Amino acid sequence: QVHLVESGGGLVQAGGSLRLSCAASGSIFIFSSYTITWHRQAPGKQRELIAGIGSTGSTNYADSVKGRFTISRDNAKSTVYLQMNSLKPEDTAVYYCNVAKFGTPGYWGQGTQVTVSS
(Lines give C-alpha, C1' and ligand atoms only; values in the text may rest on other atoms or scores of the structure.)
Protein backbone atom coordinates (compact mmCIF):
# COMPACT_ATOMS: atom_id res chain seq x y z
CA GLN A 1 0.00 0.00 0.00
CA VAL A 2 0.99 3.61 -0.56
CA HIS A 3 1.10 5.64 2.62
CA LEU A 4 1.48 9.42 2.71
CA VAL A 5 1.79 11.34 5.96
CA GLU A 6 1.56 15.12 6.08
CA SER A 7 3.00 16.95 9.05
CA GLY A 8 4.05 20.41 10.12
CA GLY A 9 0.70 22.10 10.41
CA GLY A 10 -0.36 24.15 13.37
CA LEU A 11 -1.57 27.50 14.61
CA VAL A 12 0.38 30.58 13.57
CA GLN A 13 -0.16 34.31 13.54
CA ALA A 14 -0.67 36.21 10.32
CA GLY A 15 2.69 36.90 8.72
CA GLY A 16 4.26 33.80 10.19
CA SER A 17 5.70 30.73 8.51
CA LEU A 18 5.26 26.97 8.51
CA ARG A 19 6.93 24.15 6.65
CA LEU A 20 4.75 21.19 5.76
CA SER A 21 6.18 17.78 4.98
CA CYS A 22 4.71 14.83 3.13
CA ALA A 23 6.54 11.57 3.61
CA ALA A 24 5.82 8.66 1.29
CA SER A 25 6.23 4.99 2.04
CA GLY A 26 4.93 1.66 0.84
CA SER A 27 4.55 0.66 -2.80
CA ILE A 28 5.97 3.84 -4.38
CA PHE A 29 9.17 2.28 -5.59
CA ILE A 30 10.64 5.11 -7.70
CA PHE A 31 9.60 8.24 -5.88
CA SER A 32 11.49 10.53 -8.25
CA SER A 33 9.23 9.58 -11.17
CA TYR A 34 6.07 10.94 -9.54
CA THR A 35 4.47 14.34 -9.76
CA ILE A 36 3.73 15.80 -6.33
CA THR A 37 1.05 18.37 -5.62
CA TRP A 38 -0.21 20.18 -2.56
CA HIS A 39 -3.88 20.98 -2.14
CA ARG A 40 -5.92 22.66 0.55
CA GLN A 41 -9.54 22.67 1.58
CA ALA A 42 -11.30 25.05 3.93
CA PRO A 43 -14.66 24.11 5.49
CA GLY A 44 -17.49 24.46 3.00
CA LYS A 45 -15.16 25.24 0.12
CA GLN A 46 -13.74 23.39 -2.87
CA ARG A 47 -10.38 21.71 -2.64
CA GLU A 48 -7.79 23.94 -4.25
CA LEU A 49 -4.59 22.89 -6.00
CA ILE A 50 -1.94 25.29 -4.77
CA ALA A 51 1.47 23.92 -5.79
CA GLY A 52 3.07 21.19 -7.84
CA ILE A 53 6.50 19.81 -8.60
CA GLY A 54 7.32 17.48 -11.46
CA SER A 55 9.78 14.65 -11.81
CA THR A 56 12.36 17.04 -13.27
CA GLY A 57 11.96 19.50 -10.41
CA SER A 58 9.86 22.03 -12.30
CA THR A 59 7.31 23.84 -10.13
CA ASN A 60 4.10 25.76 -10.49
CA TYR A 61 1.82 27.60 -8.09
CA ALA A 62 -1.66 28.93 -7.78
CA ASP A 63 -1.87 32.71 -7.93
CA SER A 64 -3.16 32.75 -4.36
CA VAL A 65 0.16 31.45 -3.00
CA LYS A 66 2.69 32.45 -5.65
CA GLY A 67 5.60 34.33 -4.13
CA ARG A 68 4.78 33.12 -0.62
CA PHE A 69 4.88 29.31 -0.83
CA THR A 70 7.67 27.09 -2.14
CA ILE A 71 7.36 23.42 -3.01
CA SER A 72 10.41 21.18 -3.03
CA ARG A 73 11.25 17.50 -2.95
CA ASP A 74 13.94 15.26 -1.51
CA ASN A 75 13.83 12.10 -3.57
CA ALA A 76 16.39 10.35 -1.38
CA LYS A 77 13.99 10.72 1.56
CA SER A 78 10.79 10.22 -0.48
CA THR A 79 9.54 13.46 1.00
CA VAL A 80 8.05 16.67 -0.37
CA TYR A 81 7.86 19.98 1.41
CA LEU A 82 5.78 23.11 1.30
CA GLN A 83 7.44 26.15 2.80
CA MET A 84 4.74 28.69 3.62
CA ASN A 85 5.73 32.26 4.38
CA SER A 86 3.75 35.45 4.95
CA LEU A 87 0.74 33.43 5.99
CA LYS A 88 -2.69 35.01 5.86
CA PRO A 89 -5.93 34.08 7.63
CA GLU A 90 -7.34 32.98 4.27
CA ASP A 91 -4.63 30.30 4.15
CA THR A 92 -6.46 28.48 6.96
CA ALA A 93 -7.36 25.03 5.65
CA VAL A 94 -6.52 21.37 5.77
CA TYR A 95 -3.52 20.78 3.54
CA TYR A 96 -3.11 17.55 1.59
CA CYS A 97 -0.38 16.14 -0.60
CA ASN A 98 -0.93 13.98 -3.65
CA VAL A 99 1.61 11.72 -5.33
CA ALA A 100 0.78 10.60 -8.85
CA LYS A 101 2.07 9.22 -12.10
CA PHE A 102 0.97 11.10 -15.19
CA GLY A 103 -2.65 10.41 -16.09
CA THR A 104 -3.58 8.80 -12.77
CA PRO A 105 -5.48 10.14 -9.75
CA GLY A 106 -2.57 9.34 -7.46
CA TYR A 107 -2.54 8.88 -3.73
CA TRP A 108 -3.58 11.20 -0.92
CA GLY A 109 -2.36 11.78 2.57
CA GLN A 110 -4.63 12.32 5.57
CA GLY A 111 -4.09 16.07 5.68
CA THR A 112 -2.66 18.47 8.21
CA GLN A 113 -4.49 21.45 9.67
CA VAL A 114 -3.09 24.93 9.18
CA THR A 115 -4.75 27.73 11.10
CA VAL A 116 -3.65 31.34 10.71
CA SER A 117 -4.95 33.70 13.35
CA SER A 118 -5.90 37.31 12.72
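Draft legend 1. Fine view of the pairing of strand β1 (residues 2-7). Residues of β1 alternate between two faces, with V2, L4 and E6 buried on one and H3, V5 and S7 left unburied on the opposite face. Looking at chain direction, β1 and strand β3 (residues 18-26) are connected through six bridges and run antiparallel. Counted as the bridge partner of V5 is A23 from β3.

Draft legend 2. Focus on the packing of aromatic side chains. Tallied over the entire structure, the rule returns one aromatic pair. One Lys or Arg, R47, reaches over the ring of Y96 and ends 4.0 Å from the middle of that ring. Here the guanidinium or amino end of R47 rests over the ring plane of W108, the centre of that ring lying 4.7 Å away.

Draft legend 3. Here's a closer look at the sheet that holds β3. The four strands lie next to each other as β1-β3-β8-β7, forming an open sheet whose pairing is antiparallel. Looking along the sheet, the strands with just one partner apiece sit at the ends: β1 and β7 (69-74). Between one strand axis and the next, the sheet turns by 15° as a mean value, whatever way the strands run. As paired strands, β7 and strand β8 (residues 79-84) are joined by six bridges and run antiparallel to one another. Along β8, the bridge assignment pairs I71 with L82.

Draft legend 4. Structural view of the pairing of strand β9 (residues 93-100). With seven of eight residues buried, β9 is to be regarded as a mostly interior element. Relative to β9, strand β4 (residues 35-41) runs antiparallel, the two sharing seven bridges. The residue of β9 that forms the bridge with T35 is A100. Sheet topology note: the β9/strand β11 (residues 112-117) ladder contains three bridges and is antiparallel. From the neighbouring strand, V94 faces β11, where its bridge partner is Q113. Inspection of the sheet shows β9 paired to strand β10 (residues 107-108) by two bridges, in the antiparallel sense. Note that in β10 the partner of N98 across the bridge is W108. The turn joining β9 and β10, which pair antiparallel and follow one another in sequence, is formed by six residues; a positive phi near 80° is taken by G103.

Draft legend 5. The arrangement of the environment of T92 in detail. Here T92 lies in the loop between β8 and β9. Distance from T92 to S117, taken between C-alpha atoms, is 8.4 Å for residues 25 residues apart in sequence. Among residues more than four places away in sequence, those in contact with T92 are A42, Q113, V114, T115 and V116. At a separation of 2.9 Å, a polar atom in the side chain of T92 contacts the main-chain amide nitrogen of V116.

Draft legend 6. Highlighting unusual backbone geometry. You will see that S78, though not glycine, has its phi angle at about 50°, which is positive. Checked against the element boundaries, S78 lands in the loop between β7 and β8. Here S86, not a glycine, exhibits a phi torsion of approximately 50°, which is positive. Examined against the element boundaries, S86 turns out to sit in the loop between β8 and β9. S86 sits in the partly exposed class, given a relative accessible area of 42%.

Calculation criteria
- Residues numbered from 1 in each chain as written.
- Predicted model: local features only at pLDDT ≥ 70, side-chain atom pairs only at ≥ 80, totals over all residues.
- Heavy atoms only, no water.
- Buried < 20%, exposed > 50% of the residue type's maximum accessible area, 1.4 Å probe, protein only.
- Helix = DSSP H or I, 4+ residues; strand = E, 2+ residues; numbered from the N terminus.
- Pairing = 2+ DSSP bridges.
- Phe/Tyr/Trp six-rings, centres within 6.5 Å; stacked < 30°, edge-to-face > 60°.
- Lys NZ or Arg CZ within 6 Å of the ring centre and 35° of its normal.
- Axes fitted to C-alpha atoms, helices over the stretch in contact; angles between N-to-C directions.
- Contact = heavy atoms within 4.5 Å.
- Polar contact = N/O pair within 3.5 Å; in protein donor to acceptor, adjacent residues only side chain to side chain.

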